[in-house]
Structures are given as structure tokens and as C-alpha cells.
Amino acid sequence: MKIELIPAIDVIDGKCVRLTQGDYGSKKIYGEDPSEVAKSFEDCGIRRLHVVDLDGAREGKIVNFRVLERIATRTSLVIDFGGGLKCDKDLEMAFDCGAQMVTGGSIAVKSPSTFLEWLERFGGERIILGADARDGKIAVGGWQETTARELVPFIEEYHRRGITKVICTDIGRDGMLQGPSTGLYREIRRAAPEVYLIASGGVSSVSDIEELDAAGVQAVIFGKAVYEGKITLKELGKLVENSPQVTRIFTGKSIIS
């Protein structure tokens, strides 16, 4: 298995939660202390973590930065952070609180010049494009607003401008535990084969991860499947043994392989 495994921790009011299809009204709490959840992943051998500030995504500014800081200080996980990144101050706060990478979704749509400045300043290893879609159209603002931008051309355009990593979530699959949009990810791989594609949404079992691996997807984000016991921590540990994890450690702007 070649696919990189990236558990997700979504945060509302400082707690580890999951939504269904991006609906804030569907919030379910899975942990009072996200750092404890992160530690359980690290204990399985996981090296990467995807942290989303859902309060920040909705409010357009970082809210749960203390949670990020606590996870970063209590674990050695390589964290990418998203949600509410709107200006340089937000970006600096995320990095200062321990994120090694950040994911920009809404900012890439609403203020592309700012996003491209970040990309030029920090490079494609640290700035990830968040391409979240509902029915093939890009959604922003914590998935509360669907735009007219088509998903695949959106990714292709940013790849031409220097993006190397993309997190793509099919919102219709997110939190449903009904399997990932493998066909969509194959389409993206054909359109932008050089992009490091991180699939997100719908993973419900180990077989779903194996299916994405077989489709050539380089990495997968999952959360609810673990929180609901569809994938056990023991199974996750076995997957880690057979899957390459992070080989890059970020120090400032440099990358040590």
C-alpha cells in the first residue's frame, strides 16, 4: 500500500467533532480534548494530522488556535491546519501555533492574490489548496456557500500557478460513511497527474482506503470511520505498518528529507 494516512480532527468550541455533509446542525462530539485524540493516533504510528477549525471556517478568522497549539506541543505529528485563514496574520498564527502546513480553500476563491502570495512565500510543500466541492462546484465559508467554480478546472488552474498538494472533499460524501468518490479522484488524477492528491470524505472502512490506493490517490483523510468504530485503532496501526508515512520534517522554511 502506497497511500499516506491522514486522520482528521475537526474542532468546534475547542472539542473534537464531526459534521455530516458540512451541516453544523449535525455536530457530534467525539472528544472533549482534541490533543488526547491526536495522541491516540500518534500511538498507532500515525505521523500526519489534518486539523480543521470549523468555528474559524464559519467566522472567517482563526478561532481554535489554542487547540492547534496544544496538539502541536503534546505530539510530534506533522499537522496541516485549515479553517478561517483570511490574512497574513492568520497564516502566521497558524505556523506560530505549530502547523507545518496550512490549507487554504475559501481564501483561494475569494482572494486569490493573497493565496498566491502565500504560495510564493512558503512554497507548495507548506501551502495546500483546499478544493471542496458540492455537485462538482467549489464550496467555501465552511461549505455554507457553493460557488459557480467548477472543481477540476479550479485545481488545474492552481496547479499551473504552483500548487503541488490538493485536499479534495466531496461534501456530499463527507460524514456519510458510504464510501469515497473514487471516480471523481480518478478524474482529477487524469487532469492533473502531477498533483499530490489528498482525498477526503466518505471513507467507511479499510477497503475504502485500499480502493483509493488502487486508484493511485496519494493520500487519504478520514475521521468519522475511526470515531464510529468502522476502522479500529488496531486496524489503523496495521495499515500504518504497510503504508509510507511522512518523510519530511519542516523546520522554518526549509524541508529536511
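Structure's up top.
Residues numbered from 1 in each chain as written. Predicted model: local features only at pLDDT ≥ 70, side-chain atom pairs only at ≥ 80, totals over all residues. Heavy atoms only, no water.

Engineer: In this structure, what is going on with the state of the cysteines? I would like to understand it.
Structural biologist: Among covalent bonds in proteins, the disulfide is the one between the sulfur atoms of two cysteines. For the structure on display, the rule yields zero disulfides. Not engaged in a disulfide, the cysteine Cys87 finds its nearest cysteine sulfur in Cys97; these two sulfurs lie 14 Å apart. (Disulfide = S-S within 2.5 Å.)

Engineer: It is not clear to me how the packing of helix α4 (residues 88–96) against helix α6 (residues 112–122) should be interpreted in this structure. Could you clarify?
Structural biologist: Where α4 meets α6, the closest approach of the two axes is 11 Å, and the angle between their N-to-C directions is 40°. Relative to α6, the element α4 lies oblique. Crossing handedness for the pair α4 and α6: right-handed. Residue-level contacts link Asp88, Leu91, Glu92 and Phe95 of α4 to Thr114, Trp118, Arg121 and Phe122 of α6. (Axes fitted to C-alpha atoms, helices over the stretch in contact; angles between N-to-C directions. Helix = DSSP H or I, 4+ residues; strand = E, 2+ residues; numbered from the N terminus. Parallel < 35°, antiparallel > 145°, perpendicular 65-115°, else oblique. Left-handed = near helix turned anticlockwise from the far one by under 90°. Contact = heavy atoms within 4.5 Å.)

Engineer: Any chance you could explain the pattern of salt bridges here in plain terms?
Structural biologist: Opposite charge on two side chains allows them to pair when their charged atoms are near. In this structure the tally under the stated criterion is 17 salt bridges. Between Glu4 and Arg48 there is a salt bridge, and its shortest N-O distance comes to 3.9 Å. Within this pair, whereas Glu4 is found in strand β1 (residues 4–12), its partner Arg48 is found in strand β4 (residues 48–53), the two being separated by 44 residues in sequence. Accessibility assignment for this pair places Glu4 and Arg48 in one class, buried. Note that Glu69 is salt-bridged to Arg66, the shortest N-O span being 2.8 Å. Separated by three residues within a single helix, Glu69 and Arg66 lie in helix α3 (residues 65–74), roughly one turn from each other. When its relative accessible area of 28% is taken as the criterion, Glu69 is described as partly exposed. Salt bridges linked by common partners bring Asp33, Glu36, Arg70 and Arg74 together as one network. (Salt bridge = Lys/Arg side-chain N within 4 Å of Asp/Glu carboxyl O. Buried < 20%, exposed > 50% of the residue type's maximum accessible area, 1.4 Å probe, protein only.)

Engineer: So what exactly am I meant to see when it comes to the packing of helix α7 (residues 151–160) against helix α8 (residues 182–191) here?
Structural biologist: Packing of α7 against α8 brings their axes to within 10 Å, and their N-to-C directions diverge by 35°. Here α7 and α8 pass one another in a crossing that is right-handed. Along its contact with α7, which presents Leu151, Val152, Ile155 and Glu156, the element α8 presents Leu184, Glu187, Ile188 and Ala191. When the residues that make up the contact of α7 with α8 are grouped by side-chain class, the tally is six nonpolar, no polar and two charged. (Nonpolar A, V, L, I, M, F, W, Y, C, P; charged D, E, K, R; others polar.)

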